[in-house]
Amino acid sequence: MNTSYNRAHDQAQLLARRHERDLHWAKERRRQHEREAAEARVLLATNPLRLAGTTLWTAGALLVAAAGAWGLAIAAAPSFWALIVDAIGVAFALVVLLGAAVSLNRVRRRRAAARSLLHAREARLSHTQFHIHESVHSFIGARVEVVNTREQVSA
């Protein structure tokens, strides 16, 4: 039995492992593209009002609470505090409305990103399919090289 080091065989095995990792990466990337496309389809199928529902309910509840607090403060505070109470109420209402606008804009941007992702779906999938195809052929070639560089054991 020959116990000498076979550098060509080791290099072929390293190359085969690298190509195998590349193949696994390409397949996982393809699965990730599919998951992202499915999530985008679900997002676009959901009613936009339902997506914005939490924001609208939260903003409405905060505005109702602010109006109630403003009414109590106006009734309980001395008259010279009325201007300050009004300013605080208006500032709070503006902050709530600004937060709601930001949240609604975020929902709109998510839907726009989902639309663009689905629009580019075919190009993304064909690109990952190209990587899978190339990786498969590289992996097969590397495995053949591993077999070809293996030393034959004489009996």
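Residues numbered from 1 in each chain as written. Predicted model: local features only at pLDDT ≥ 70, side-chain atom pairs only at ≥ 80, totals over all residues. Heavy atoms only, no water.

**A few points about the overall build of the protein**
Scanning the protein from N- to C-terminus turns up 4 helices and 0 strands. Overall, the protein shows an N-to-C arrangement of helices and strands of α-α-α-α. Computed over the C-alpha atoms, the radius of gyration of the protein is 32 Å, more than 25% above the 15 Å expected from 2.2 N^0.38 for a compact globule of 155 residues. In terms of principal-axis extent, the alpha carbons of the protein reach across some 110 × 35 × 20 Å. In the protein, buried positions account for 20% of the 155 residues. Of the contacts made within the protein by residues no fewer than 6 positions apart, 87% connect residues no fewer than 24 positions apart. By element, 64% of the accessible surface of the protein is carried by carbon and sulfur atoms, the whole surface being about 11300 Å². (Helix = DSSP H or I, 4+ residues; strand = E, 2+ residues; numbered from the N terminus. Rg over C-alpha atoms; globule rule 2.2 N^0.38 Å. Buried < 20%, exposed > 50% of the residue type's maximum accessible area, 1.4 Å probe, protein only. Contact = heavy atoms within 4.5 Å. Areas by Shrake-Rupley, 256 points an atom, 1.4 Å probe, with all protein chains shown as cover.)

**Focus: a positive patch on the surface**
Taken together, the side chains of Arg-17, Arg-21, Arg-143 and Arg-150 present a region of like positive charge at the surface. By secondary structure assignment, the location of Arg-143 is in helix α4 (residues 121-149). For Arg-143, a relative accessible area of 38% gives the class partly exposed. (Patch = residues over 30% accessible without salt bridge, like charges linked within 9 Å, V, L, I, M, F, W, Y side chains within 5 Å. Salt bridge = Lys/Arg side-chain N within 4 Å of Asp/Glu carboxyl O. Lys, Arg positive; Asp, Glu negative; His and termini not counted. Charge placed at Lys NZ, Arg CZ, Asp CG, Glu CD.)

**Concerning helix α2 (residues 48-76)**
Taking 1.5 Å per residue, 29 residues should reach 42 Å; α2 reaches 42 Å between its end C-alpha atoms and fits that length. Helix geometry: α2 is bent most strongly at Thr-54, by close to 40°. Every buried residue of α2 is accounted for by Ala-52, Gly-53, Thr-55, Ala-59 and Ala-66. Buried residues belonging to α2 abut α3 (82-119). Sitting at the head of α2, Asn-47 places a side-chain oxygen 3.1 Å from the backbone nitrogen of Leu-49. (Expected span 1.5 Å × (residues − 1). Bend = angle between axes of the 7 residues up to and from the residue. Polar contact = N/O pair within 3.5 Å; in protein donor to acceptor, adjacent residues only side chain to side chain.)

**Looking at the environment of Leu-117**
One can find Leu-117 in helix α3. In the structure, Leu-117 is positioned 27 residues away from Val-144 in sequence and 39 Å away in space, judged by C-alpha atoms. When sequence neighbours within four positions are dropped, the list of residues in contact with Leu-117 reads Glu-36, Ala-37, Ala-40 and Arg-124.

**Some points on the nonpolar core**
Grouped together as the largest cluster of nonpolar side chains are 5 residues: Ala-37, Ala-40, Leu-43, Ala-114 and Leu-117. The set of elements that each furnish at least two residues to this core consists of α1 (7-45) and α3. For Ala-37, the contacting residues outside a window of four places in its chain are Leu-117, Leu-118 and Arg-121. (Core = buried A, V, L, I, M, F, W, Y, C linked by side-chain atoms within 4.5 Å.)

**A closer look at the packing of aromatic side chains**
Evaluation of the coordinates by the stated rule reveals 1 aromatic pair. Consider the rings of Phe-80 and Trp-81, whose centres lie 6.1 Å apart with planes at 45°: the pair is tilted. For Trp-81, a relative accessible area of 40% gives the class partly exposed. (Phe/Tyr/Trp six-rings, centres within 6.5 Å; stacked < 30°, edge-to-face > 60°.)

**Remarks on the pattern of salt bridges**
This model, assessed by the stated rule, comprises 7 salt bridges. Linking Arg-124 and Glu-36 is a salt bridge whose minimum nitrogen-to-oxygen distance equals 2.7 Å. Taken as a pair, Arg-124 in helix α4 and Glu-36 in helix α1 lie far apart in primary sequence, 88 residues in all. For Arg-121, the salt bridge identified is with Glu-122, shortest N-O distance 3.0 Å. By relative accessible area, Arg-121 is classed as partly exposed at 23%. Several salt bridges converge on common partners, so that one network encompasses Arg-30, Glu-34, Arg-121 and Glu-122.

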